[in-house]
Amino acid sequence: MTGNKRRMTAICFIGAVVFLSTVTILGSFWQEAAVETDFSRKNLAPCARYLFGTDWMGRDMFIRTVTGLSMSIRIGLLTAAVSAVIAFFLGLSAAVMGRFVDGIVTMMIDLVMGVPHMLLLILISFACGKGFWGVTAGIAFTHWASLARLIRGEVLQLKESQYIKIAEKLGKSRFYIAFFHMAPNLAPQFVTGLILMFPHAILHEASITFLGFGLSPEKPAIGIILSESMKYLAMGKWWLALFPGLFLVLVVLMFHCAGQAVCRMIDPGSAHE
Amino acid sequence: MRLEAKDISFRYTEGGRQVLNHVNLTAEEKERIGIMAPSGFGKTTLLKILSGYERPESGQVFLDGKPIADFKGYLPVQMIWQHPELSVNPRRKLKTVLAEGDWPEDSDALRNRIERELGILDEWKERYPVEVSGGELQRFCIARALGQRTRILLADEITTMLDLVTQGKLWDFLVKEIKERGITLIAVSHSEELLEKVCDKVIRLG
């Protein structure tokens, strides 16, 4: 029995969106609770009252994990979206607006990809004053290059397709062809790029925060939670890393699931599935 | 409009097979020319050059004395291709194929008449190309090519995917339409009978 694949895809998408939204919304409400310390309950293993246990300052790890993930989802979504939009417009204009623009965009891609990723990220984050917006700007302005290169290549291939050439002979403008003919065909690459960028962005947020150029240490970000937990792992406090780590993987998987569902839903070939 | 191909030579790759070798062809206004040749003789390539899709290796194509490469905007030479599935964007609904045609802004009469005569149903317009048959898709491509400023129509084996009855109906409509509007036709087909029926003269190659 195959069932209605489109309906299943829609259910997957809604499930993933509900999960991600719940984590994001709960996390933003629990900002205060996540930093609340109580030394009378420190280092408690997972139990019915504290599902993910507590840390060395008696902070509830469930609340900290959800709050950290909420922060990661917001940063990940924002940076991945900004990067993907930059990549989309630069990739499209490089391939559509002639050799001069193509030359400039290709040079910019080579420049961003030529400089060590982390170095550029730290530089931008530091210049933007660190914190949430520093990290966001740093990640957003360093992650667009590979997707822009992919989109540019795809557009160059699309330019050779018969229906694009027909549209030219029908007198359609470059703008029309770019947005009405090419953009719908770039949607799968765009969504896939966005999905792949999301975990990358979260991991870079964690790394830059770990190095001291990102979020402030008192913020319950997932990167900070994981790096802090490393000191206590050897002491048998496994829950400090396991649950935040597992939930980070789950969030990435949910985002992947939502992205795949979008790809399937927008593909006309799946209309009868 | 007069379409003139002068001394056209063409090969797809440098040093590759010579597909066209010093070809000359003139299509006068309202003329209907049929081209017949075995597969691989460069019929489609010739049409692609005549409609500006390919640049010849040597020689030039003129439209009323002006090189076809100099035309900007809507090209009065429109080509209907053999494979309609490659002629439409697979990710856009079929109504957009019709919308791309060159229709008068103040009246839908021409568009509506062509759609009706070609038997295009309203329900097809909301579908994607993958959801209709090749024959149904080809009707959309034919309608799109018959815009108001089309003066020369190039047809490359356009009815091969249709049954004989539908083929006959479609050609009857096309011939009536191009005669009424004074459009020039250059048609390529393997069917001598068909070309004899719809064209004033038939050129046999090979």
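Treat the numbers as computed from the prediction; the structure is a model and nothing was measured.

**A closer look at the side chain of A:His143**
All names here are of chain A. As for its placement among the helices and strands, His 143 is situated in the loop between helix H6 (131-140) and helix H7 (145-158). The class of His 143 is buried, set by a relative accessible area of 4%. Reaching out from His 143, the side chain makes a polar contact with the backbone oxygen of Ile 139 at a distance of 2.8 Å. Those residues in contact with His 143, other than ones at most four positions away along the chain, are Ser 83, His 117, Leu 121, Met 197, His 200 and His 204.

**A look at the interface of chain B and chain A**
At the junction of the two partners, chain B supplies 21 residues and chain A supplies 21 residues. Together, the buried faces of chain B and chain A total about 2,000 Å²; carbon and sulfur atoms form 56% of this surface. Of all residues in chain B, B:Tyr53, B:Arg91 and B:Glu100 give up the largest surface area on contact with chain A, accounting jointly for 36% of the area buried on that side. Put simply, chain B and chain A have 11 residue pairs in polar contact (both at pLDDT 80 or more) between them. Residues that form the side of chain B that touches chain A fall into these classes: 9 nonpolar, 7 polar and 5 charged.

**Digging into the packing of helix H3 (residues 61-96) of chain A against helix H11 (residues 239-266) of chain A**
Two numbers describe a pair of packed helices, the interaxial angle and the distance between the axes. Residue and element names in this part refer to chain A. The geometry of H3 relative to H11 is characterised by a closest axis approach of 10 Å and an angle of 35° between their N-to-C directions. In the packing of H3 onto H11, the handedness of the crossing is right-handed. In this structure, H3 uses Met 61, Thr 65, Leu 69, Ile 73 and Leu 77 to contact H11, whose residues at the interface are Leu 240, Phe 243, Pro 244, Phe 247, Leu 248, Val 251 and Phe 255. For the contact of H3 with H11, a count of residues per class yields 11 nonpolar, 1 polar and no charged.

**So, unusual backbone geometry**
Non-glycine residue B:Asp7 carries a positive phi angle of around 55°. Inspection of the secondary structure assignment puts B:Asp7 in strand S1 (residues 3-10).

**Remarks on the sheet that holds strand S8 (residues 184-188) of chain B**
Residues and elements named next belong to chain B. Spatial strand order, S6-S7-S8-S3-S9: 5 strands in an open sheet with parallel pairing. Only two strands of the sheet have a single partner each, and these edge strands are strand S6 (77-80) and strand S9 (201-204). Taken pair by pair, the neighbouring strands of this sheet meet at an average axis angle of 15°, ignoring direction. Pairing between strand S3 (residues 32-36) and S9: 4 bridges, direction parallel. Residue pairing in the sheet places Ile 35 in a bridge with Ile 203 of S9.

**Describing the packing of helix H1 (residues 5-29) of chain A against H3(A)**
All names here are of chain A. In the contact formed by H1 and H3, the axes pass within 7 Å of each other and the chain directions differ by 115°. On the basis of the axis angle, H1 is roughly perpendicular to H3. At the point where H1 passes H3, the crossing takes the left-handed sense. In contact with Leu 20, Val 23, Thr 24, Leu 26, Gly 27 and Ser 28 of H1, H3 contributes Val 66, Thr 67, Leu 69, Ser 70, Ile 73 and Arg 74.

**Regarding the packing of aromatic side chains**
Residue and element names in this part refer to chain A. Applying the stated criterion across every chain, the model contains 17 aromatic pairs over all chains. Ring plane angle 85° and centroid distance 5.0 Å describe the contact between Phe 52 and Phe 62, whose orientation is recorded as edge-to-face. Separated by 10 residues along the polypeptide, Phe 52 in the loop between helix H2 (31-34) and H3 and Phe 62 in helix H3 bring together distant segments of the chain. Look at Phe 62 and you get partly exposed, because its relative accessible area is 25%. Ring pairing ties together the aromatic residues Trp 30, Phe 52, Phe 62, Trp 238, Trp 239, Phe 243 and Phe 247, which thus form one cluster. Residue placement shows Lys 172 over the ring face of Tyr 176; its charged tip is 5.3 Å from the ring centre.

Conventions and cut-offs
Residues numbered from 1 in each chain as written. Chains lettered and ligands numbered in written order. Predicted model: local features only at pLDDT ≥ 70, side-chain atom pairs only at ≥ 80, totals over all residues. Heavy atoms only, no water. Helix = DSSP H or I, 4+ residues; strand = E, 2+ residues; numbered from the N terminus. Buried < 20%, exposed > 50% of the residue type's maximum accessible area, 1.4 Å probe, protein only. Polar contact = N/O pair within 3.5 Å; in protein donor to acceptor, adjacent residues only side chain to side chain. Contact = heavy atoms within 4.5 Å. Buried area = accessible area lost by both parts, 1.4 Å probe. Nonpolar A, V, L, I, M, F, W, Y, C, P; charged D, E, K, R; others polar. Axes fitted to C-alpha atoms, helices over the stretch in contact; angles between N-to-C directions. Left-handed = near helix turned anticlockwise from the far one by under 90°. Pairing = 2+ DSSP bridges. Parallel < 35°, antiparallel > 145°, perpendicular 65-115°, else oblique. Phe/Tyr/Trp six-rings, centres within 6.5 Å; stacked < 30°, edge-to-face > 60°. Lys NZ or Arg CZ within 6 Å of the ring centre and 35° of its normal.

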